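# Architecture at a glance
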There are 2 protein chains.
Amino acid sequence: MSDLLERLRGRGWRMTSQRRVVAEVLDGDHVHLTADEVHARAAQRLPEISRATVYNTLGELVSLGEVIEVATDGRAKRYDPNAHHPHQHLVCSRCGTVRDVHPTGDPLADLPTAERFGFMVSQAEVTYRGLCPSCA
Amino acid sequence: MSDLLERLRGRGWRMTSQRRVVAEVLDGDHVHLTADEVHARAAQRLPEISRATVYNTLGELVSLGEVIEVATDGRAKRYDPNAHHPHQHLVCSRCGTVRDVHPTGDPLADLPTAERFGFMVSQAEVTYRGLCPSCA
DNA sequence: TTCTTGACTTAGACTCCGTCCATCGTAGGA
DNA sequence: TCCTACGATGGACGGAGTCTAAGTCAAGAA
Ligand SMILES: [Mn+2]
Ligand SMILES: [Mn+2]
Ligand SMILES: [Zn+2]
Ligand SMILES: [Zn+2]
């Protein structure tokens, strides 16, 4: 993640303290924070950072492919910096905990042409649901 | 779907005109309406039906397993009466159109025990994304 | 049939998540 | 050092969904 800042600079980003702090908050694996959680953690280091800036920065990171947006069912989207190792998610249906998982097999290959209805299918997203050890 | 009303009566539901109309609107396969679309169609037959009642009825149908809730990424949830034939969804990333699809293979079987982290995994939901013929 | 009652419906206020906008500030090149 | 276009700010705004208090009515009892 330390080289994320380098990659962004290389793409012509102005390096502001706000963007630096958001990138720092997203450091690490198995991080799946909501925008407001990112904002809260960023605000510990940079108290006056605004929600709008967090949303803007997250949106930019997503469209650069540096962060993945994970939509979880009615609640706020989560932002996942683990964008360079494709994976799927296992979600606890009770408490909402999210884990990265790596299933075998390619779900895209499991969708026959006859079942594509002329769509240009580009992505298959698998969400496993169940009860986590603490909730079971 | 005609026997849906029977099943509901059997479960002790009061049969109101509002519930009847919502059930009628959801009749058919490949129906994936938002709550507001359900409300609009229901209001053609029963002009004074309220949004709250539509939400209540849809929620009840979901928890009875008669309708499936399909969360599509930031937009409004869609309600799918095709609950008794398991299937997955193909979503247009541009216009949001939803199609039912039937992939081969079982994604649950593709998740090794070592990748389950002690969860009691009970469900795998696959969302295929791409551009529909009109959007491509 | 009429009565009774609690389940159901309603309108609108409210919450949550996210976007937009006008204005201000500043990173970084000249 | 100065300039300016890019970025930050906060507050208004919007869509989707929930909640509540008051009114209505389905359906069983008599
Ligand atoms: Mn992840
Ligand atoms: Mn469907
Ligand atoms: Zn849990
Ligand atoms: Zn489309």
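Keep in mind the model is a prediction, meaning the values are calculated, not measured.

## Here's the deal with the domain arrangement of chain A
Often the size quoted for an interface is simply the accessible area lost on bringing the parts together. Residues and elements named next belong to chain A. If you check the domain split of chain A, you get domain 1 (2–80) and domain 2 (88–130). Between the C-alpha centres of domain 1 and domain 2 the distance comes to 24 Å. Overall, the association of domain 1 and domain 2 removes approximately 580 Å² of surface from exposure, summing both partners, and the carbon and sulfur fraction of that is 50%. It is His-30, His-32 and Arg-75 in domain 1 that bury the most area against domain 2; as a group they hold 56% of the surface buried on that side. Across the contact surface, domain 1 and domain 2 share 0 salt bridges. Where domain 1 touches domain 2, the interface holds 4 residue pairs in polar contact (both at pLDDT 80 or more). Of the residues in the side of domain 1 that touches domain 2, the class split is 1 nonpolar, 2 polar and 3 charged.

## What to know about the environment of Gly130(B)
In this structure, Gly130(B) sits in strand S6 (residues 120–131). Setting aside its immediate chain neighbours within four residues, Gly130(B) contacts Phe119(A), Met120(A), Val121(A), Ser122(A), Val91(B), Cys92(B) and Ser93(B).

## Regarding the coordination of the zinc ion (ligand 4)
Residue and element names in this part refer to chain B. Protein coordination at the zinc ion (ligand 4) comes from Cys-92 (SG), Cys-95 (SG), Cys-132 (SG) and Cys-135 (SG), with a distance range of 2.3 to 2.4 Å. When the donor residues of the zinc ion (ligand 4) are listed from N- to C-terminus, their spacing reads C-x2-C-x36-C-x2-C. With a gap of 40 residues between them, Cys-92 in strand S4 (residues 88–92) and Cys-132 in the segment after S6 connect regions that are remote in the sequence.

## Overview of the packing of aromatic side chains
On inspection of all chains with the given rule, the structure shows 0 aromatic pairs over all chains. Against the face of Phe117(B) rests Arg99(A), its NZ or CZ located 3.8 Å from the ring centre. Seen from the ring of Trp13(B), Arg19(B) lies directly overhead, with NZ or CZ sitting 4.2 Å from the centre.

## Thoughts on the nonpolar core
In this structure, Tyr128(A) and Tyr128(B) are the most contacted members of the largest nonpolar core, which totals 22 residues. Secondary-structure elements contributing two or more residues to this core are strand S4 (88–92) and strand S6 (120–131) of chain A together with S4 and S6 of chain B.

## Describing the packing of helix H2 (residues 17–25) of chain B against helix H3 (residues 35–45) of chain B
Residue and element names in this part refer to chain B. Viewed as axis vectors pointing N to C, H2 and H3 meet at an angle of 120°, and their least axial separation amounts to 9 Å. One element, H2, and the other, H3, form an angle in the oblique class. Crossing angle aside, the handedness with which H2 passes H3 is right-handed. On H3, the residues touching Val-21, Val-22, Glu-24 and Val-25 of H2 are Val-38, Arg-41, Ala-42 and Arg-45. Counted by class, the contact of H2 with H3 contains 5 nonpolar, no polar and 3 charged residues.

## Topic: the protein's contact with DNA strand C
The local shell around DNA strand C holds 16 residues, among which Met15(A), Arg51(A), Arg14(B), Thr16(B) and Thr53(B) are the closest. Within the side chain of Gln18(B), one N or O atom sits 2.9 Å away from a sugar or linking oxygen of DNA strand C. Glu48(B) has a polar backbone atom sitting 3.1 Å from a phosphate oxygen of DNA strand C. Counting residues per element, the ones that place at least two in the surface near DNA strand C are helix H4 (51–63) of chain A together with H2 and helix H4 (51–63) of chain B. If one sorts the elements of the surface near DNA strand C by residue count, H4(A) sits on top with 3 residues. Taken together, the residues of the surface near DNA strand C break down into 6 nonpolar, 4 polar and 6 charged.

Calculation rules
- Residues numbered from 1 in each chain as written.
- Chains lettered and ligands numbered in written order.
- Predicted model: local features only at pLDDT ≥ 70, side-chain atom pairs only at ≥ 80, totals over all residues.
- Heavy atoms only, no water.
- Domains from an automatic or database assignment.
- Buried area = accessible area lost by both parts, 1.4 Å probe.
- Salt bridge = Lys/Arg side-chain N within 4 Å of Asp/Glu carboxyl O.
- Polar contact = N/O pair within 3.5 Å; in protein donor to acceptor, adjacent residues only side chain to side chain.
- Nonpolar A, V, L, I, M, F, W, Y, C, P; charged D, E, K, R; others polar.
- Helix = DSSP H or I, 4+ residues; strand = E, 2+ residues; numbered from the N terminus.
- Contact = heavy atoms within 4.5 Å.
- Donors = N, O, S within 2.8 Å, 3.2 Å for Na, K, Ca; no water.
- Phe/Tyr/Trp six-rings, centres within 6.5 Å; stacked < 30°, edge-to-face > 60°.
- Lys NZ or Arg CZ within 6 Å of the ring centre and 35° of its normal.
- Core = buried A, V, L, I, M, F, W, Y, C linked by side-chain atoms within 4.5 Å.
- Buried < 20%, exposed > 50% of the residue type's maximum accessible area, 1.4 Å probe, protein only.
- Axes fitted to C-alpha atoms, helices over the stretch in contact; angles between N-to-C directions.
- Parallel < 35°, antiparallel > 145°, perpendicular 65-115°, else oblique.
- Left-handed = near helix turned anticlockwise from the far one by under 90°.
- Near = heavy atom within 4 Å.

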